[in-house]
Amino acid sequence: DVKVTQSSRYLVKRTGEKVFLECVQDMDHENMFWYRQDPGLGLRLIYFSYDVKMKEKGDIPEGYSVSREKKERFSLILESASTNQTSMYLCASHRIYGGTSGRVEQFFGPGTRLTVL
Amino acid sequence: AQKITQTQPGMFVQEKEAVTLDCTYDTSDQSYGLFWYKQPSSGEMIFLIYQGSYDEQNATEGRYSLNFQKARKSANLVISASQLGDSAMYFCAMGGSNYKLTFGKGTLLTVNP
């Protein structure tokens, strides 16, 4: 019953390393998202993509980039990891049926807890 | 810009009772959607219910219903007949025409036996 998977549940990296977080969904969803979740701040959108090779910045894109070469895969890249990027990273995908009055099919991945030392 | 406000950091409810979790929003979009999620201590984010801004009827999904009052810009989640397994963090979120979601800071619900 796989829906959205993320490459790692836990990851420890050193400051300055390049970090790749992978997300794969098997529901043929157009829209995919990367969030980070920090205590007291809730979820904040980093980047999202509404089609292959299409991406848009979210609320906190600084220090991150993304890649979407295939519909099912959305990658988050930390070009040079810093300690303030220690966080829980959540990937999500969704599809809206029939516009704003339609139904929603949406799933989150299990999350990757990243620690940058 | 969109904003979601959840004013209740924590809520307590007795098992089998109903509970309402508050959510107010602010947006200049005419077309938008409102979402509720549950996040248990295990960390996974579970989608519960969705309401489109043009839906005239309140959304319902099993024991969950969304009390949508458009004029007041509120989208409260009602959980009927609470169960111990409902203890979790609950997040309200909204998305505009591109469904980029803005989340509230969450309400921690504790169900007491």
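Please read these numbers as outputs of a predicted model, since none were measured by experiment.

(A) Layout of the overall build of chain A. Assigned secondary structure in chain A consists of zero helices and eleven strands. In chain A, the succession of α and β elements from N to C terminus is β-β-β-β-β-β-β-β-β-β-β. The C-alpha atoms of chain A give 14 Å as radius of gyration, which agrees with the globular expectation for 117 residues (13 Å, within 12%). By principal-axis analysis of the C-alpha atoms, chain A measures approximately 45 × 30 × 30 Å. For chain A, buried positions account for 50% of its 117 residues. When contacts within chain A are restricted to residue pairs at least 6 apart in sequence, those whose partners lie at least 24 apart make up 55%. When the accessible surface of chain A is split by element, carbon and sulfur atoms take 50% of a total near 5,600 Å². Taken together, the 17 basic and 15 acidic charged side chains of chain A have centroids lying 4 Å from each other.

(B) Geometry of the nonpolar core. Judged by nonpolar contacts, the single largest core of 24 residues is most densely connected at Tyr-25, Trp-36, Ile-49, Leu-77, Tyr-90 and Leu-109 of chain B. Among the secondary structure elements, those contributing two or more residues to this core are strand 3 (19-21), strand 5 (33-39), strand 6 (46-52), strand 8 (64-69), strand 9 (74-79), strand 10 (88-95) and strand 12 (107-112) of chain B. Looking at which element gives the most residues to this core, the answer is strand 10 of chain B, with four residues. Counting 21 residues, the second-largest nonpolar core is a separate cluster that includes Val-19, Leu-21, Cys-23 and Tyr-47 of chain A.

(C) Looking closely at the interface of chain A and chain B. The interface is formed by 24 residues belonging to chain A together with 22 residues belonging to chain B. Both faces combined, the contact of chain A with chain B buries some 1,900 Å², and carbon together with sulfur accounts for 56% of it. Between chain A and chain B we count one residue pair in polar contact (both at pLDDT 80 or more) in total. Where the side of chain A that touches chain B is concerned, the elements lending two or more residues are strand 4 (31-38), strand 5 (42-51), strand 6 (54-57), strand 9 (87-96) and strand 10 (104-108) of chain A. Looking at side-chain class alone, the side of chain A that touches chain B contains ten nonpolar, nine polar and five charged residues.

Cut-offs used in this document
Residues numbered from 1 in each chain as written. Chains lettered and ligands numbered in written order. Predicted model: local features only at pLDDT ≥ 70, side-chain atom pairs only at ≥ 80, totals over all residues. Heavy atoms only, no water. Helix = DSSP H or I, 4+ residues; strand = E, 2+ residues; numbered from the N terminus. Rg over C-alpha atoms; globule rule 2.2 N^0.38 Å. Buried < 20%, exposed > 50% of the residue type's maximum accessible area, 1.4 Å probe, protein only. Contact = heavy atoms within 4.5 Å. Areas by Shrake-Rupley, 256 points an atom, 1.4 Å probe, with all protein chains shown as cover. Lys, Arg positive; Asp, Glu negative; His and termini not counted. Charge placed at Lys NZ, Arg CZ, Asp CG, Glu CD. Core = buried A, V, L, I, M, F, W, Y, C linked by side-chain atoms within 4.5 Å. Buried area = accessible area lost by both parts, 1.4 Å probe. Polar contact = N/O pair within 3.5 Å; in protein donor to acceptor, adjacent residues only side chain to side chain. Nonpolar A, V, L, I, M, F, W, Y, C, P; charged D, E, K, R; others polar.

Just distances and angles here, no functional claims.
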